[in-house]
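Descriptive analysis of the structure
Chain by chain, the residues run as shown.
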Amino acid sequence: QVQVVESGGGLVQPGGSLRLSCTASGSVWRIFAMNWYRQAPGKQREFVAPITEDNITNYTDSVKGRFTLSRDNAKNKVRLQMGSLKPEDTAVYYCNVDFLGGPYLARSEYWGQGTRVTVSS
């Protein structure tokens, strides 16, 4: 069993900051990447940013310069620091984990349940 848990969402005013966290636990042997997605009301889920096991990141254009990912490999945890938030950042943010459950198992992915971020005055 694998558990992926996001936390840190909430209500913030435009221009404010929030920090989201994602932790993977359970039958996780190696994590290749932990990825953030978001889904705004009435829209499709979109890719926000990945962070690989080598700490390589790649942000979608709409968040570049405002969002920063960091990773604690020992704890299978990533943090998404979000700054200069805009109303259009309002969404449910999901963490996706790309991993191996064991050395002889197939590569898999697992999603968390999401954490809601609302940017509003």
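The coordinates are above.
Residues numbered from 1 in each chain as written. Predicted model: local features only at pLDDT ≥ 70, side-chain atom pairs only at ≥ 80, totals over all residues. Heavy atoms only, no water.

1. Quick word on unusual backbone geometry
The phi torsion at N55 lies on the positive side, around 65 degrees, for a residue other than glycine. Take N55: its relative accessible area is 44%, and that puts it in the partly exposed class. Here the phi dihedral of N76 falls at roughly 50 degrees; this positive angle occurs in a residue that is not glycine. Positionally, N76 belongs in the loop between β6 (67–72) and β7 (77–82). (Buried < 20%, exposed > 50% of the residue type's maximum accessible area, 1.4 Å probe, protein only. Helix = DSSP H or I, 4+ residues; strand = E, 2+ residues; numbered from the N terminus.)

2. Description of the pattern of salt bridges
Within the structure shown, the criterion is met by six salt bridges. Note that E46 and R38 form a salt bridge whose closest N and O atoms lie 2.6 Å from each other. Given the relative accessible area of 32%, E46 is considered partly exposed. Note on R38: relative accessible area 5%, which makes it buried. The partner of D89 in a salt bridge is R66, and the shortest N-O contact between them spans 2.8 Å. On the criterion of sequence distance, the pair formed by D89 in the loop between β7 and β8 (91–100) and R66 in the loop between β5 (46–52) and β6 is long-range, its members being 23 residues apart. In this pair, the class of D89 matches that of R66, namely buried. (Salt bridge = Lys/Arg side-chain N within 4 Å of Asp/Glu carboxyl O.)

3. Thoughts on the pairing of strand β4 (residues 30–39)
For a regular strand, side-chain orientation follows a simple rule: the groups alternate between the two sheet faces. Counting buried residues along β4, seven of its 10 residues qualify, which places the element largely inside the surrounding structure. Note that β4 and β8 share nine bridges and pair antiparallel. When the bridges of β8 are listed, Q39 appears paired with V92. Sheet analysis places β4 next to β5, joined by six bridges and oriented antiparallel. Looking across to β5, one finds that W36 is bridged to A49. (Pairing = 2+ DSSP bridges.)

4. Quick look at the state of the cysteines
Taken as a whole and judged by the stated rule, the model has one disulfide. Across the disulfide, C22 is cross-linked to C95 (sulfur-sulfur distance 2.0 Å). The sign of the S-S torsion, about -80 degrees, decides the handedness of the disulfide formed by C22 and C95: left-handed. Note that C22 is positioned in strand β3 (residues 18–26) and C95 in strand β8, a separation of 73 residues in sequence. On the basis of relative accessibility, which here comes to 0%, the residue C22 falls in the buried class. C95 gets classed as buried once you look at its relative accessible area, which sits at 0%. (Disulfide = S-S within 2.5 Å.)

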